[in-house]
Amino acid sequence: MEEKQVVSMPRIGDPAPEFKAVTTQGNISFPADYNGSWVILFSHPADFTPVCTSEFMTFASMEAKFAEANCKLVGLSVDGLYSHIAWLRTIKEKIEYKGMKNVEVNFPLIEDITMDVAKKYGMIQPGESNTKAVRAVFFIDPKGIIRAIIYYPLSLGRNFDELYRVVIALQTADAFSVATPADWRPGDDVIVPTAGSCGVAKSRMENKEDMKCYDWFFCTKPIDKEKVMKTILKK
Ligand code: BEZ
């Protein structure tokens, strides 16, 4: 009989699995070293591959924007440290892509030749590849709790504006005790949690006249983009 492999897949709401690792920026203890910050832990299939290169250039170019939202970036692939270093040097010294050049990747890139970390985080998905991590993205909050997870296959480059939108939306939900509707961006109306009926939600609101109800279970209210960004970016 075929032996069943036990695969661990962290879920939303779980504490981020702990590990120690060697990275291009020194050793890290995860998630302890990131206590108090949001962190995106993401995997890529392999160094010196085109989709991953386009992703790293894009993410590195947005690092300061994520940092303003108190969000740090940590990459991982099952390649070794010297491969990571050589690849990041090639990106900086040789690659010009979509107006990005001399791109320095200053966030840590984990070496995971043993695949220990990748397996802990469900990044090895055998239907896609036994030897490479899929493009996984874990959004982890300042208390070390996994708040959102997105997986992409090897062939599909991620949308980094969407990853930024997820960070801002999660922080907005926390700061204002609201939810965010489809395609929400700062400046759009947010969803007021309706405890039973619109009347109940309305009775809890300060500026009740601002609230719009589409039905008893679906009420929104405006929040200024400035108010959202001021709260999140601490500006
Ligand atoms: C890439 O990044 O281009 C890539 C990596 C692994 C498999 C397929 C594409």
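Quick caveat, the model's predicted, so the values are computed rather than measured. Residue numbering note: each chain is counted from 1, following its sequence as written. Reporting in this predicted model follows two pLDDT cut-offs: at least 70 for local features of residues, and 80 or more for side-chain atom pairs to be given and counted; totals over whole chains, interfaces and linings ignore these cut-offs and use all residues. Remark: hydrogens and water are excluded; side-chain values derive from all non-hydrogen atoms of the structure.

> Outline the side chain of T53, listing residues and values.
For T53, the position within the fold is in helix α1 (residues 50-61). Exposure is judged per residue with a 1.4 Å probe applied to protein chains only, and the accessible area is read against the type maximum: over 50% gives exposed, under 20% gives buried, and values in between give partly exposed. We classify T53 as buried; its relative accessible area is 12%. In terms of polar contacts, T53 uses its side chain to reach the backbone carbonyl oxygen of T49, at 2.7 Å. Here a residue-residue contact requires only that any non-hydrogen atoms of the pair lie within 4.5 Å. When near neighbours in sequence (up to four residues on either side) are disregarded, T53 contacts W87, I91 and I95. Counting from the N terminus, the helices are the DSSP runs of H or I reaching at least four residues and the strands are the DSSP runs of E reaching at least two. Pairing of N or O atoms within 3.5 Å defines a polar contact, subject to two protein rules: one partner must be a possible hydrogen donor and the other a possible acceptor, and residues neighboring in sequence count only if both atoms are side-chain atoms.

> Explain helix α5 (residues 160-176) to me, using residue names and the numbers behind them.
Across its 17 residues, α5 extends 24 Å between first and last C-alpha, which sits within 8% of the 24 Å expected from 1.5 Å per residue. With 12 of its 17 residues buried, α5 lies for the most part within the structure. Buried within α5 we find F160, L163, Y164, R165, V166, V167, I168, A169, L170, Q171, T172 and F176. The N-cap of α5, judged by a side-chain oxygen 3.0 Å from the amide nitrogen of D161 a few residues on, is N159. Backbone geometry just downstream of α5 places S177 in the positive-phi region, at approximately 50 degrees. In this scheme, a helix's expected span is set at 1.5 Å multiplied by one less than its residue total.

> Outline the site of the ligand, listing residues and values.
Any residue with a non-hydrogen atom lying within 4 Å of a molecule or strand is treated as near it. Lining the immediate environment of the ligand, one finds P45, T49, P50, V51, C52, R135 and L154. The side chain of T49 places a nitrogen or oxygen atom 2.9 Å from an oxygen atom of the ligand. Interatomic distance of 3.3 Å between a backbone N/O atom of P50 and an oxygen atom of the ligand. For the ligand, whose free accessible area comes to 260 Å², the fraction covered by protein is 80%. If you tally residues by element for the shell around the ligand, the top one is α1, at 3 residues. Looking at the shell around the ligand residue by residue, the class counts come to 5 nonpolar, 1 polar and 1 charged. Only the protein chains shown count as covering a residue, and every accessible area follows the Shrake-Rupley method with a 1.4 Å probe. Residue polarity is assigned by list, with Asp, Glu, Lys and Arg as charged and Ala, Val, Leu, Ile, Met, Phe, Trp, Tyr, Cys and Pro as nonpolar; anything else, Gly included, falls into the polar class.

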